[in-house]
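Descriptive structure summary
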Amino acid sequence: IVFFFFFSRMGNKVSLEDELINLKMSSKQMIQASKKCDKSHKKQLKEVQKAIKLGNREGAQIYAQNAIREKNQGMSYLKLSSRLDGVASRLETAIRTKAISKSMEGVVKGMGKALESMDPVKISKTMEDFEKQFEDMDVVTMTMEGTMDSTTATSTPAEDVDSLIREVFAPSRVI
């Protein structure tokens, strides 16, 4: 992960789009690391069972500690992945907003030229373009606000998370 960020900074100035790609790739790496920890956690649990069957209490404790550590590490990777996804989403919204802002600059310049010529057709066309750009900006702003409110796992209401966990857990209890 560190290599990826430093490698991208060695050359020219890094664009926002490059940073977005970096964030998304880093998030995927965190998910992969979490899966690896999950696999190791399950392996350690099997070792605990094996040690218990053999009457090796001390070995079982060591394997249990390893299992807990792997589980905690995996959860840390998932949390970090979620946070990276949230930042990536915000960055993506910023990129879109920046593009619309540039587009609006062009419309404003066009308005100035149309007003200078005082051609009613040009003024009307420029105003229509400006209103469309302004509407697009409103949509992006609303999307950005929605994204900021809902992208990170830390901002997800705890009762929603608990409810989802109960829904997933309920069928597994029936079996």
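These figures come from a predicted structure and were not determined experimentally.

1. So, the overall build of the chain
Tallying secondary structure elements over the chain gives five helices and zero strands in all. Taken from the N to the C terminus, the helices and strands of the chain come in the order α-α-α-α-α. A separation of at least 24 residues holds for 67% of the contacts in the chain among residues at least 6 apart in sequence. Summing over all exposed atoms, the chain offers an accessible surface of approximately 13,100 Å²; the carbon and sulfur share of this is 60%.

2. Points about a negative patch on the surface
A cluster of acidic side chains, namely Glu128, Glu131, Glu135 and Asp138, defines a negative patch on the protein surface. Position of Glu135 relative to the elements: it lies in helix 4 (residues 120–150).

3. Considerations on the nonpolar core
The tendency in soluble globular proteins is for nonpolar side chains to be buried as a group. Within the largest apolar cluster, seven residues are counted, these being Leu20, Leu23, Met30, Leu84, Ala88, Leu91 and Ile95. Every element with two or more residues in this core is listed here: helix 2 (16–53) and helix 3 (57–117). For this core, the leading source of residues is helix 3, giving four residues. Excluding anything up to four places from it in sequence, Leu91 contacts Leu16, Glu19, Leu20 and Leu23.

4. Focus on the pattern of salt bridges
Tallied over the entire structure, the rule returns four salt bridges. In this structure, Glu47 and Lys50 form a salt bridge, with 3.7 Å as the shortest nitrogen-oxygen distance. Residue Glu47 and its partner Lys50 are located together in helix 2, separated by three residues, close to a single helical turn. Residue Lys50 is classed as partly exposed on the basis of its relative accessible area, which comes to 45%. The salt bridge involving Glu70 is made with Arg69; its shortest N-O contact spans 3.5 Å. Accessibility expressed as a relative area gives 16% for Glu70, which makes it buried. Salt bridges linked by common partners bring Lys24, Glu92 and Arg96 together as one network.

5. Focus: the side chain of His41
With respect to the secondary-structure elements, His41 resides in helix 2. Beyond its immediate stretch of four places on either side in the chain, His41 contacts Ala67, Glu70 and Lys71.

6. Structural notes on helix 2
The terminal C-alpha atoms of helix 2, which comprises 38 residues, lie 56 Å apart, in line with the 56 Å expected from a rise of 1.5 Å per residue. Following helix 2 by one or two positions, Gly55 has its phi on the positive side, about 75°.

7. Describing the confidence of the model for the chain
Per-residue pLDDT for the chain averages 76, and the proportion of residues at 70 or more is 69%. Per-residue pLDDT, averaged within each element of the chain, yields its smallest value for helix 1 (residues 2–9) (47) and its largest for helix 2 (90). Low pLDDT (under 50) marks residues 1–8, which in the prediction has ten contacts with non-local residues, meaning those over four places away or in another chain.

8. Things to note about the environment of Gly110
Considering the arrangement of structural elements, one finds Gly110 in helix 3. For Gly110, a relative accessible area of 25% corresponds to the partly exposed category. Note: C-alpha distance between Gly110 and Lys122 (twelve residues apart in sequence) is 8.9 Å.

Here is what the cut-offs are and how they apply
Residues numbered from 1 in each chain as written. Predicted model: local features only at pLDDT ≥ 70, side-chain atom pairs only at ≥ 80, totals over all residues. Heavy atoms only, no water. Helix = DSSP H or I, 4+ residues; strand = E, 2+ residues; numbered from the N terminus. Contact = heavy atoms within 4.5 Å. Areas by Shrake-Rupley, 256 points an atom, 1.4 Å probe, with all protein chains shown as cover. Patch = residues over 30% accessible without salt bridge, like charges linked within 9 Å, V, L, I, M, F, W, Y side chains within 5 Å. Salt bridge = Lys/Arg side-chain N within 4 Å of Asp/Glu carboxyl O. Lys, Arg positive; Asp, Glu negative; His and termini not counted. Charge placed at Lys NZ, Arg CZ, Asp CG, Glu CD. Core = buried A, V, L, I, M, F, W, Y, C linked by side-chain atoms within 4.5 Å. Buried < 20%, exposed > 50% of the residue type's maximum accessible area, 1.4 Å probe, protein only. Expected span 1.5 Å × (residues − 1). pLDDT = per-residue confidence, 0-100.

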